Every structure is written in C-alpha cells, then in structure tokens.
Amino acid sequence: MAQLATLPVLPSAPHYTAYKPRPFKREEREDVTLLFGGLTWKHERMMQGVLHNLKYKAEPLPNIKREDLDVGKELIDTGACCPTIFTTGNLASFLKEKSATHGKEHVNNKFVYLTAGACGPCRFGQYHQSYAMALDGLGMKDFRMFLLAQDELDQGEGEGGGLQINMPMSLGLIWSILCGDVITDLEYRIRPYETVPGQTDKVLQESVEYMYQAYLNRPLQGGKWGTMAWHLTTDYFTKALGEVRKMWDAIEVDRLRPKAKVKITGEFWLQTHEGDGNYNIKRWLESEGAEVIPPPVAVWLHYLMHPEIRKLERRQSTSKHPQLEHKLLQVLEKVYRGTYNRFRKALANIPYELPDQIELINLAKPFYHFELRGGEGHMLVGKALYSYHHKKAHMVCELSPYSCMPNTMSIGSMANVMGRYPDLLYAPIEVKGDAEVHALSRCQMILTEAKRRAQQEYEETLKETGLTVEAIRQYEAQHPEVKKATYKVPHMGHAGEATNYVLHLARDKQIARA
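The shown structure was predicted, so the numbers you read here are calculated from the model rather than taken from an experiment.

**Some thoughts on a nonpolar patch on the surface**
Residues Leu 232, Val 331 and Val 335 make up a contiguous nonpolar surface patch of about 200 Å² in total accessible area. Residue Leu 232 is classed as partly exposed on the basis of its relative accessible area of 32%.

**Topic: the sheet that holds strand β10 (residues 425-431)**
Taken together, 4 strands build an open sheet; the order of strands is β8-β7-β9-β10 and the sheet is parallel. In this open sheet, the two edge strands, each paired with only one partner strand, are β8 (290-293) and β10. Across this sheet, the average inter-strand angle for adjacent strands is 25 degrees, counted without regard to direction. Both strand β7 (residues 260-266) and strand β9 (residues 395-401) contribute to a ladder of 5 bridges, which runs parallel. Across the sheet, Ile 264 pairs through a bridge with Cys 397, a residue of β9.

**Things to note about the pattern of salt bridges**
Counted by the stated rule, this structure contains 28 salt bridges. Between Glu 187 and Arg 191 there is a salt bridge, and its shortest N-O distance comes to 2.7 Å. Across the pair, exposure class does not vary: Glu 187 and Arg 191 are buried alike. A salt bridge links Arg 191 to Asp 201, with the shortest nitrogen-to-oxygen separation between them at 2.8 Å. In this pair, Arg 191 is assigned in the loop between α6 (167-190) and α7 (199-216) and Asp 201 in helix α7, connecting sequence segments 10 residues apart. Looking at Asp 201, the relative accessible area reads 28%, which means it is partly exposed. One salt-bridge network, in which partners are shared between bridges, spans Lys 42, Glu 187, Arg 191, Asp 201, Glu 274, Arg 283 and Glu 286.

**So, the domain arrangement of the protein**
Often, the extent of an interface is quoted as the loss of accessible area on bringing the components together. Domain parsing of the protein yields domain 1 (26-165) and domain 2 (171-314 + 322-459). Summarising the inter-unit geometry, the C-alpha centres of domain 1 and domain 2 are found 25 Å apart. The interface of domain 1 with domain 2 comprises 37 residues on the first partner and 50 residues on the second. Buried area between domain 1 and domain 2, both sides added, is near 3,600 Å², and the carbon and sulfur share of it is 68%. Its largest share of buried area at the contact with domain 2, domain 1 owes to Lys 42, Met 46 and Asn 53, together 18% of the area lost on that side. On the surface where domain 1 and domain 2 come into contact, there are 4 salt bridges. The shortest N-O distance in the salt bridge between Glu 274 and Lys 42 comes to 2.9 Å. Here domain 1 and domain 2 share 11 residue pairs in polar contact (both at pLDDT 80 or more) between them. Among the elements of the structure, α1 (41-53), α2 (66-75), α3 (82-102) and α5 (123-137) are those that each provide at least two residues to the side of domain 1 that touches domain 2.

**Description of unusual backbone geometry**
If you check the backbone angles, Lys 55 has positive phi at about 70 degrees while not being a glycine. Along the chain, the position of Lys 55 falls in the loop between α1 and β2 (57-60).

**Quick word on helix α15 (residues 378-389)**
Helix length check: α15 (12 residues) gives 16 Å between terminal C-alpha atoms against 16 Å at 1.5 Å per residue, within 8%. Across the 12 residues that make up α15, a large majority, 10, are buried. Buried within α15 we find His 378, Met 379, Leu 380, Val 381, Gly 382, Lys 383, Ala 384, Leu 385, Tyr 386 and Ser 387. Lys 391, located one to two residues past α15, shows a positive phi value of around 55 degrees.

**With respect to the packing of helix α18 (residues 469-478) against helix α19 (residues 497-507)**
Contact geometry of α18 with α19 gives a least axis separation of 12 Å together with a crossing angle of 70 degrees. It follows that α18 is roughly perpendicular to α19 by the angle criterion. Contacts between α18 and α19 pair Ile 472, Tyr 475 and Glu 476 from the former with Tyr 501, Val 502 and Leu 505 from the latter. Here the residues of the contact of α18 with α19 are counted per class, giving 5 nonpolar, no polar and 1 charged.

About the cut-offs
- As a convention, each chain's residues are numbered from 1 in the sequence order in which they are written.
- Restriction of local features to residues with pLDDT of at least 70 applies here, the model being predicted, together with a cutoff of 80 or more for giving and counting side-chain atom pairs; totals for whole chains, interfaces and linings are based on all residues.
- To get the side-chain values, take all heavy atoms of the structure and skip hydrogens and water.
- The residues that make up patches have over 30% relative accessible area and no salt bridge, and they are joined within 9 Å when like-charged or within 5 Å when they are Val, Leu, Ile, Met, Phe, Trp or Tyr.
- Exposure was quantified through the Shrake-Rupley algorithm and a 1.4 Å probe, taking into account, for residues, occlusion by the shown protein chains and nothing else.
- We define a salt bridge as a side-chain nitrogen of Lys or Arg found within 4 Å of a carboxyl oxygen belonging to Asp or Glu.
- The buried label goes to any residue with under 20% of its type's maximum accessible area, the exposed label to any with over 50%, and the partly exposed label to all in between, with areas taken from a 1.4 Å probe on protein chains only.
- Whether two strands pair comes down to DSSP finding at least two bridges between them.
- Secondary structure elements follow DSSP: runs of H or I no shorter than four residues count as helices, runs of E no shorter than two count as strands, and numbering proceeds from the N terminus.
- Simply put, an axis is a line fit to the C-alpha atoms, just over the touching stretch for a helix, and the angle between two N-to-C directions goes from 0 to 180 degrees.
- Reported domain spans reflect what an automatic or database domain assignment gives.
- Residues count as neighbours in contact if any of their non-hydrogen atoms are within 4.5 Å of one another.
- Here the quantity called buried area is the total loss of accessible area, with a 1.4 Å probe, experienced by two parts when brought into contact, counted for both.
- Under the rule applied, a polar contact is a pair of N or O atoms within 3.5 Å (in protein, one hydrogen donor and one hydrogen acceptor; residues adjacent in sequence only if both atoms are side-chain atoms).
- How far a helix is expected to stretch is found by multiplying one less than its residue total by 1.5 Å.
- Each angle receives one of four descriptions, namely roughly parallel if under 35 degrees, roughly antiparallel if over 145, roughly perpendicular if within 65 to 115, and oblique otherwise.
- Charged means Asp, Glu, Lys or Arg here, nonpolar means Ala, Val, Leu, Ile, Met, Phe, Trp, Tyr, Cys or Pro, and polar covers whatever is left, Gly included.

Following this line, the structure appears as structure tokens:
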C-alpha cells in the first residue's frame, strides 16, 4: 500500500483578543494629557474646567473636519456609520500629527483617551472597537483608551490609579453638560434676531470662558455623598449662570423677523455636532433664514433613566429591593429635571424645557415601541410629534447616518406618522459625510414650505390683532427692555418667535391698535 504524503503543518492563526489598555498609573497623572471629545466646543470647554479642577491635564480633540472622514475610511470598516468613521478619523488624525512631531512612543506614553461606552447595536456599543482597529492600523496598540460607562457615576479607580471615575468627576461632567445645553439654547434663540451681526458669538465665547472658570474653581466636597449633596443643593452654578445672563443683556434683538423654526433630531452624535460632520447644517439653516432648536444632551441623559424605571415597574429587575429602587429613581428623575429648570431660570427661562419622557413614549407608542432599544429609538418619533402637537417648530429635520439600524427603523415608522399627520413638515436627511449638496437640497425643499408658513402666521396675527409694525416699533422705543436678548417672550400657541412676540404685545402689553 502506497504511503500517504505528509501534509505540511500550517501555522496556527492568532485568536482574537479584546483591547485592554496598559495601566494608567497615579504618578503619571501630572505628565499625561487626557483626551476627550464628541460634543460641542461649549460643552467640551466646561468639561475641561471640571477635569482641570480635579488636577488632570485635559484637552478636547480638535473639531471634526471633512478630512477625518477619509482618514477613518482608511483604518476601519467602510460600511460603518459616518459618526463612527468621523470620530475614529478625528482621533487618528490627532495621533498621526502628534506622532509625526514627537514619535509614537511619546504619544503612547503622554496621552490617554476617555470616551463613552455602553452596549447595544448603536454608536455607544461599537465606537471603542473601531478605535481599537484604528490604533492597530496606526501601529499604536500601546495607546491607552478608557471607557466611561453611562450608567455608573462612581466606577472608582482604574487599573494603576491614574484615572478615578468618581462622584466629583461624574457629577461635574454632567453639570457642565447641563450648563452647556442651556447656553447653547440661548445662543440659537438669540443669534437669528441680533441687530449687530456677530455680537451673539462674541458674548457666547465670553460666557463659555466664564463658566470654564466657574468649573475650574469649583469647591471640592470630599466624599461621595458630600459631593452629591452639594451639587444638588448649591446655588454656585446658578449664580454663575446669573452672571452669564448679564452678559447677554447687552445684546439687542429684532424679533419682528418671521423665521421658520426647525427642530433638529436624529442620531445622537449627528444631531449634537456642530461642524463638517453634519455639513454644518445648523449654521446653514440660519443662513437660509431659519431659527434652529438644537437637541440638548440632557434629553439623552434623561432617557437613560427610563429603561431601568420600566424594568422595576414590570418587576423584571434582579434588584433585592425593587420598590425602594423604583422610588429612588423617581426622586432622582425629579431632582434631575428640577436642576435643569433651575439652570433655565438663571437664564430667564429662555432655554427650552425638557420634554416629558412619558409623553414621548405615549406619542410614539402607536408607531414605534419604546422597548425597541438602540440609538434614540422611539424618541425620534416622539420628539417629532411633540414639536408638532405643542407647536414648538414649523418643521423637523432628522439627521440619520448612512447604515444606522435604529434610525432606519424610526424613519420607516415616520412614514406611518406622515400618513396620519400629512401637514407635519419632516425632512429626513441621510448623512454620509461626503454628499453635502444632496442632503442640503433635500432639507431646503421642506424649509421653503416652513418659511412660507412662518410668514403666513405672522401676517395673519398682525391682521388679527390689528397691530402694525410701526405701532410695535413705537412701543419698543418707549420700552427698550423688550428688545433685550434676555426678555422672555411667552409661548402663545404658535411656533414662530415673531408671531408669539406680536401676540404677547397685543394681549399682555395692550398696545394701541391701528
């Protein structure tokens, strides 16, 4: 019998191992810069104040540029959604630039990256894997990256003790995000009506720097419970925001400019971002004669409380004390909303209130079940209907990444919503990062009708009230306080600022009719 040929022994393939960062040691803290990003420059500057207050060297990554998309495509799966590609490319571009100047070993040892992490099919479940793939492609596996869990305020020391994710850090970061939200709301409510172009941006810069100093000099209260009690009861932040309000008093506005009000919704990063990653769509909308309602990060943080509340209500939790935890979470939710409202009040209640999460669930329920988790889920449907029923906006612009599964489902559900509410103006924009003309053209088609409606409701209100522009101008000359940026115009049942302003003057100030 012929002898069988001996087969060559093939080398074994290396098994996959999850990324694990080297320890970040306590003695390194003074020499190592903590990198972070993902929000607006306003939020990040205040967050930087929190980290500097805790004696970390901290630096936000540069704002996203169009070139970051190409860098990201070279390093990770090109089928990933554009926020993943953009943010990965942004980190990679920074590391490449620093490595070219100082060398890879220096960058690996002198920088660490802190990012948010969670589970699920959306961005929070996948981003850190893309970052790890990019580090591998850059030949920088030794670069350190750490995840900040969304559901743990007190994670304790990381390996080595260099990074302590504790109450002073977590609450400081959350409070800075809330302050960033209310100041951002103020910015977008004022800039379309400023009489001196550029004044809003100038005051905004001064305001953010003032708040950076407030967070930099935040008194530290020691332990876990002392820190929590102080943040929940102090007037330190509301006093700082009160000083910010005085800065905005100097801005004069002209509210007799009918503008379409556009509510921005969509995937978390795309709707929050201000820059090339979403085609600078917020500034573009303003240049086209619109007033933008930006999405506060606070809504997302509020949303994160509710899955656990629902588990406890349905007795699906493994907690040993479900009733007690349920009560505590309900109290926490009230305190959270109360804190946000205190910050709003410090800015004359001009920033928008947070929508009620239960109302969003109920509005979306006939079209999208709230337990279909991932991305913003039911909130995309709920927020669109909230804006429509409460007349908060003339149109909704939803920014969705190409290939994003949760947003694809919500857009499909919105087809049913549009069938039920055909007069709801809805512009779903699929963002790839490199198709700006197509995306903005789609938005402009809906915006044209929104602007027509804004003008029409304004003219009809002038006719209904019998007021003239001349009479209103005369009243403004006699009462200059109504032209201040911080003058609160109540919502009078219409979306447009100009329309609400006319109704307010007619009904509350009793201006003489023509």
